[in-house]
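In case you want the letters, here they are:
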Amino acid sequence: MSTEYGTAVPWQEDLFTLLRENDVNLFCYVPDGGHKTLINRSIEDPEVVSVPLTTEEEGVAMCAGAHLGGKKAVLLMQSSGVGNCVNMFALVKGGQFPFVTLVTMRGEFGEMNPWQIAMGTAVQPVIEAMGMHCLRAEGPEEVVPTVQAALNMAYKSNQGVAVLLTQKLIGAKA
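No experiment lies behind these values; they were computed from the predicted model shown.

1. So, the overall build of the protein chain
Move 1: Tallying secondary structure elements over the protein chain gives seven helices and six strands in all.
Move 2: On C-alpha atoms alone, the protein chain measures out to a radius of gyration of 15 Å, which is about the 16 Å that the 2.2 N^0.38 rule sets for 174 residues.
Move 3: Referenced to the eigenvectors of the C-alpha coordinate spread, the extents of the protein chain come out at roughly 40 × 35 × 30 Å.
Move 4: Each of the 174 residues in the protein chain was classed as buried or not, and the buried ones make up 50%.
Move 5: Looking at the protein chain alone, contacts between residues at least 24 apart form 73% of all its contacts between residues at least 6 apart.
Move 6: A total accessible area of about 7700 Å² is found for the protein chain, and carbon and sulfur atoms account for 55% of it.
Move 7: The average position of the 11 basic charges and that of the 18 acidic charges among the side chains of the protein chain differ by 3 Å.

2. Concerning unusual backbone geometry
Move 1: Of note, D23 is a non-glycine position whose phi angle comes to about 65°, a positive value.
Move 2: Its identity is not glycine, yet N158 carries a phi of approximately 50°, on the positive side.
Move 3: Considering the arrangement of structural elements, one finds N158 in the loop between α6 (140-157) and β6 (160-165).

3. Examining the confidence of the model for the protein chain
Move 1: The pLDDT averaged across the protein chain works out to 93; a share of 95% of its residues lies at or above 70.
Move 2: A low-confidence stretch, residues 1-6 (pLDDT under 50), is modelled with 21 contacts involving residues beyond four sequence positions or located in other chains.

4. With respect to the side chain of D45
Move 1: Its location among the elements puts D45 in the loop between α2 (36-44) and β2 (49-52).
Move 2: What makes D45 buried here is its relative accessible area of 16%.
Move 3: What D45 contacts, discounting residues up to four positions off in sequence, is F16 and R20.

5. A word on the nonpolar core
Move 1: Of all hydrophobic cores here, the largest spans 28 residues; its most connected members are L15, L19, L102, V147 and L165.
Move 2: Contributing elements (two or more residues each) for this core: α1 (10-21), β1 (24-29), α2, β3 (72-78), β4 (99-104), α6, β6 and α7 (167-170).
Move 3: A total of six residues in this core trace back to one element, the largest contributor, which is α6.
Move 4: Excluding anything up to four places from it in sequence, L165 contacts W11, H35, L102, V103, T104, M105, A137, V143 and I170.
Move 5: One finds V51, V60, V82 and M119 within the second-largest nonpolar core, a separate group that totals 25 residues.

6. Details of the sheet that holds β6
Move 1: Strand order in the open sheet made by the six strands is β2-β1-β3-β4-β6-β5, with parallel pairing throughout. The outermost strands of the open sheet, each flanked by one partner alone, are β2 and β5 (133-137). Pairs of neighbouring strands in the sheet enclose a mean axial angle of 20°, with direction left out of account.
Move 2: Two elements, β5 and β6, share five bridges in a ladder whose sense is parallel. The partner of R136 across the bridge, within β6, is L164.

7. Digging into the packing of α1 against α2
Move 1: Viewed as axis vectors pointing N to C, α1 and α2 meet at an angle of 45°, and their least axial separation amounts to 9 Å. Classified by the angle between their axes, α1 and α2 sit oblique to one another. In this structure, the crossing between α1 and α2 has a hand that is right-handed. Here α1 contributes Q12, E13, L15, F16 and L19 to the contact with α2, which in turn contributes T37, L38, R41 and S42.
Move 2: Taken together, the residues of the contact of α1 with α2 break down into four nonpolar, three polar and two charged.

Calculation notes
- Residues numbered from 1 in each chain as written.
- Predicted model: local features only at pLDDT ≥ 70, side-chain atom pairs only at ≥ 80, totals over all residues.
- Heavy atoms only, no water.
- Helix = DSSP H or I, 4+ residues; strand = E, 2+ residues; numbered from the N terminus.
- Rg over C-alpha atoms; globule rule 2.2 N^0.38 Å.
- Buried < 20%, exposed > 50% of the residue type's maximum accessible area, 1.4 Å probe, protein only.
- Contact = heavy atoms within 4.5 Å.
- Areas by Shrake-Rupley, 256 points an atom, 1.4 Å probe, with all protein chains shown as cover.
- Lys, Arg positive; Asp, Glu negative; His and termini not counted.
- Charge placed at Lys NZ, Arg CZ, Asp CG, Glu CD.
- pLDDT = per-residue confidence, 0-100.
- Core = buried A, V, L, I, M, F, W, Y, C linked by side-chain atoms within 4.5 Å.
- Pairing = 2+ DSSP bridges.
- Axes fitted to C-alpha atoms, helices over the stretch in contact; angles between N-to-C directions.
- Parallel < 35°, antiparallel > 145°, perpendicular 65-115°, else oblique.
- Left-handed = near helix turned anticlockwise from the far one by under 90°.
- Nonpolar A, V, L, I, M, F, W, Y, C, P; charged D, E, K, R; others polar.

Laid out in structure tokens, this is it:
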């Protein structure tokens, strides 16, 4: 494991830097320990709009709206939130909006909560069934190149892309 759950490690700082270098300036999120560094950095950055959501599907619409306004956005969510977004993912596909979501995974490597396993198993098939691309980052060295690939796919080809930050990467909750 590369982190204690919720503790900042270099790849998280590098990820925030990468997003900002790619002109991402809207961060939509439902609070999540795996995204703690990104959330905190987005709140602290005066050039970024950081929006806490009541539910993840609001973030899909906000990202589409940001694109219509000429801005780049990212949706930060945990794997359980993917299930909440299925209907809204049709907006991404039908509207051909560029869309990037970073998903911290549960229900995988070392999961101790049986309630997380069902959705953790369903995340990738659900994303792909909705016509989006799904990329995975298993180790710290994979995060930046994988997210850069997602940003390129989304914003240069008007694609929906989810990057799964695996439980092996972020660590399992005790």
